[in-house]
Amino acid sequence: MAKSDLLQAYWQNKTVLITGASSGLGIAITKALAPYHVTFGLLSRRKDKMVELAESLSQGNSRFWIRVCDVQDREDVYEAVNEFKEYAGRIDVVWVNAGVGAKSNLFKWEWESFESCMQTNLMGAVYTTKASLEVMIPQNHGAIVAISSVASMRGLPGSSAYSMTKIALNTMMESLATQARDIQFTSILPGWVETPMTAGRKNLWWLIPADKAAQKMITAVARKKFKYIYPWQMFLLYHAMRSLPTGFYIKAARKLFMGKKK
Ligand SMILES: NC(=O)c1ccc[n+]([C@@H]2O[C@H](COP(=O)([O-])OP(=O)(O)OC[C@H]3O[C@@H](n4cnc5c(N)ncnc54)[C@H](OP(=O)(O)O)[C@@H]3O)[C@@H](O)[C@H]2O)c1
């Protein structure tokens with residue numbers, strides 16, 4: 001099937017809930033899906049950004065339901081998911097996208113940042129996924145799309161919190177997929193994408209624009225992939241790194257990233 005037909009067939013008239021819809025990838029995904037007559041549920045803590053996004057797309061044929069939601073708050077997430085179900089009638093796809101980085105370099109450790117990363121990327125993703133499954137399983141259909149990261153390839157130097165949350169997210173998705181046979185589970189592992197999260201950072205390999213990333217991701221979901229790693233250079237690096245024995249990886253990472261004494 002041609003890519004345009006595939007996208008049309010999968011996304012047309014879907015009801016789609018997106019966390020982290022006020023910025024970066026959340027905005028790019030919303031824009032990429034807007035042509036498909038989608039009923040959107042947009043969630044984040046910054047209402048003004050979501051209203052701005054919906055207004056910028058108001059000439060199209062999609063409709064927007066907007067709600068402030070802090071994914072660190074389990075009750076708030078459950079209420080938001082159920083309110084969207086009431087509004088839209090059903091939930092077809094949920095993008096578990098909200099996430100933050102963390103200052104968890106061993107030598108520049110910040111507890112507040114570490115805990116916020118765990119509570120957002122891990123518990124926030126668990127709350128969103130479980131609340132959505134409680135709607136989708138009785139429907140006998142639905143798709144959970146989790147935005148993980150290639151940072152889940154190994155325990156990367158200086159990234160103990162962030163890598164841990166994304167590794168855990170991959171594992172949870174895999175585990176749930178073994179049990180909920182009517183539900184689509186797609187884990188997406190982006191490399192570096194141009195968003196506020198990466199703004200100002202140097203030496204980002206194979207950085208890609210957010211709109212290009214969004215097109216890749218909506219296509220992977222339409223193809224019902226279990227795991228999608230992009231760009232292709234990161235796909236190769238991910239698998240090469242995962243294949244290294246642990247002792248070899250740690251020694252190589254010390255040499256490459258930490259200097260000889262650390
Ligand atoms: N950019 C990259 O290179 C890259 C690479 C791999 C993976 N990722 C992953 O992609 C996802 C999106 O990242 P991004 O690059 O688009 O970052 P971003 O531009 O910083 O956006 C992060 C989004 O998460 C939301 N968020 C953060 N904490 C939240 C909370 N407690 N409750 C509700 N929403 C919350 C933010 O909304 P509010 O602040 O308005 O609440 C914002 O919409 C993240 O999971 C990130 O780990 C990004």
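In what follows, the accompanying structure is described.

Criteria and cut-off values
- Along each chain, residue indices are assigned from 1 in the same order as the chain's sequence is written.
- pLDDT decides what is reported in this predicted model: residues at 70 or higher carry local features, side-chain atom pairs at 80 or more are listed and counted, and totals for whole chains, interfaces and linings draw on all residues regardless.
- The side-chain figures draw on all heavy atoms in the structure; neither hydrogens nor water molecules are used.
- The secondary structure listing takes helices from DSSP runs of H or I that are at least 4 residues long and strands from runs of E that are at least 2 residues long, numbered from the N terminus.
- The term polar contact refers here to a pair of N or O atoms within 3.5 Å; inside protein, the definition further demands a hydrogen-donor-capable atom paired with an acceptor-capable atom, and it admits residues adjacent in sequence only when both atoms are side-chain atoms.
- Here, residues are in contact when the closest pair of their heavy atoms is within 4.5 Å.
- Fitted lines through C-alpha atoms give the axes, limited to the stretch in contact for helices. The angle between two N-to-C directions lies from 0 to 180 degrees.
- Crossing chirality is assigned from the near helix's rotation relative to the far helix, an anticlockwise turn below a right angle marking it left-handed and a clockwise turn marking it right-handed.
- Residue polarity follows a fixed list, in which Ala, Val, Leu, Ile, Met, Phe, Trp, Tyr, Cys and Pro are nonpolar, Asp, Glu, Lys and Arg are charged, and the others, Gly among them, are polar.
- Proximity criterion: a residue is near a molecule or strand once any of its heavy atoms comes within 4 Å of it.
- In short, Shrake-Rupley with a 1.4 Å probe defines the accessible areas, and a residue's cover is counted only from the protein chains shown.
- Any two strands with at least two DSSP bridges between them are considered paired.
- Side-chain rings of Phe, Tyr and Trp, where Trp is taken by its six-membered ring, are said to pair if the distance between their centres is within 6.5 Å; with planes under 30 degrees apart they count as stacked, over 60 as edge-to-face, and otherwise as tilted.
- Relative accessibility decides the category of a residue: with a 1.4 Å probe and only protein chains considered, values under 20% of the type maximum give buried, values over 50% give exposed, and everything between is partly exposed.
- Comment: the charge-over-ring label is applied if NZ (Lys) or CZ (Arg) is within 6 Å of the ring centre and within 35 degrees of the ring normal.
- Here, two cysteine sulfur atoms that lie within 2.5 Å of each other are counted as a disulfide.

Quick notes on the side chain of threonine 120
By secondary structure assignment, the location of threonine 120 is in helix H5 (residues 111-139). A polar contact of 2.7 Å, which involves the side chain of threonine 120, links it to the backbone oxygen of serine 116. Ignoring anything within four residues of it in the chain, the contact list for threonine 120 reads Val71, Gln72, Ala98, Gly99, Val100 and Ala125.

What to know about the packing of helix H4 (residues 74-88) against H5
Put simply, H4 and H5 touch, their axes get as near as 8 Å, and they point 35 degrees apart. The crossing of H4 and H5 is right-handed. Of the residues in H5, those touching H4 at Arg74, Val77, Tyr78, Val81, Asn82 and Lys85 are Tyr127, Thr128, Lys130, Ala131, Ser132, Glu134, Val135 and Gln139. Of the residues assigned to the contact of H4 with H5, the class counts are six nonpolar, four polar and four charged.

Observations concerning the site of the ligand
Within the structure, the ligand sits among 31 residues, and Ser22, Ser23, Arg45, Tyr162 and Thr195 are positioned closest to it. Glycine 24 is positioned such that a nitrogen or oxygen atom in its backbone is 3.4 Å from an oxygen atom of the ligand. Its free accessible area being 870 Å², the ligand has 94% of it covered by the protein chains. Residues belonging to the shell around the ligand are distributed by class as follows: 13 nonpolar, 14 polar and four charged.

With respect to the sheet that holds strand S1 (residues 15-19)
Strands sit in the order S3-S2-S1-S4-S7-S8-S11 across an open sheet of seven strands; the sheet is parallel. Two strands close off the open sheet at either side, each with one partner strand: strand S3 (63-68) and strand S11 (227-230). For this sheet, the mean inter-axis angle between neighbouring strands, taken without regard to orientation, is 15 degrees. Judged from the five bridges that link them, S1 and strand S2 (residues 39-44) form a sheet pairing that is parallel. For valine 16, the partnering residue across the bridge sits in S2 and is phenylalanine 40. Strands S1, strand S4 (93-96), strand S7 (143-147) and strand S8 (184-190) of the sheet are contacted by helix H1 (residues 3-11), whose axis makes an angle of about 105 degrees with S4. The sheet contacts of helix H7 (residues 210-222) involve S4, S7, S8 and S11, and relative to S11 the element is tilted by about 160 degrees.

Quick notes on the packing of aromatic side chains
The way to describe two aromatic rings as a pair is by their centre distance and the angle between their planes. Scanning all chains against the criterion turns up twelve aromatic pairs. Residues tryptophan 65 and phenylalanine 84 carry aromatic rings whose centres are separated by 5.5 Å and whose planes lie at 45 degrees to one another, so their mutual orientation is tilted. With tryptophan 65 in strand S3 and phenylalanine 84 in helix H4, this residue pair connects regions lying 19 residues apart in the sequence. Across this residue pair, the class does not change: tryptophan 65 and phenylalanine 84 are buried. Measuring from centroid to centroid gives 6.2 Å for tryptophan 192 and tryptophan 205, while their planes differ by 85 degrees, and the two rings are edge-to-face. Note that tryptophan 192 is positioned in the loop between S8 and strand S9 (193-194) and tryptophan 205 in the loop between S9 and strand S10 (208-209), a separation of 13 residues in sequence. Ring pairing ties together the aromatic residues Tyr10, Trp11 and Trp95, which thus form one cluster. Its end group placed over the ring of tyrosine 10, lysine 14 keeps NZ or CZ at 4.7 Å from the ring centre.

Quick notes on unusual backbone geometry
Look at the link from tyrosine 230 to proline 231: it is a cis peptide, with omega at -5 degrees. Residue asparagine 203 is not a glycine yet carries a positive backbone phi of 55 degrees. As for its position among the elements, asparagine 203 is in the loop between S9 and S10. The class for asparagine 203 is exposed, based on a relative accessible area of 68%. Positive phi outside glycine occurs at tryptophan 206, with the angle close to 55 degrees. On the secondary structure map, tryptophan 206 appears in the loop between S9 and S10.

Side note on the state of the cysteines
Between two cysteines, a covalent bond joining their sulfur atoms is known as a disulfide. By the definition in use, this model includes zero disulfides. Residue cysteine 69 stays outside any disulfide, its sulfur separated by 18 Å from that of cysteine 117, the closest cysteine. Judged by its relative accessible area of 3%, cysteine 69 is buried. Of the residues examined, cysteine 117 reaches a relative accessible area of 0% and is grouped as buried.

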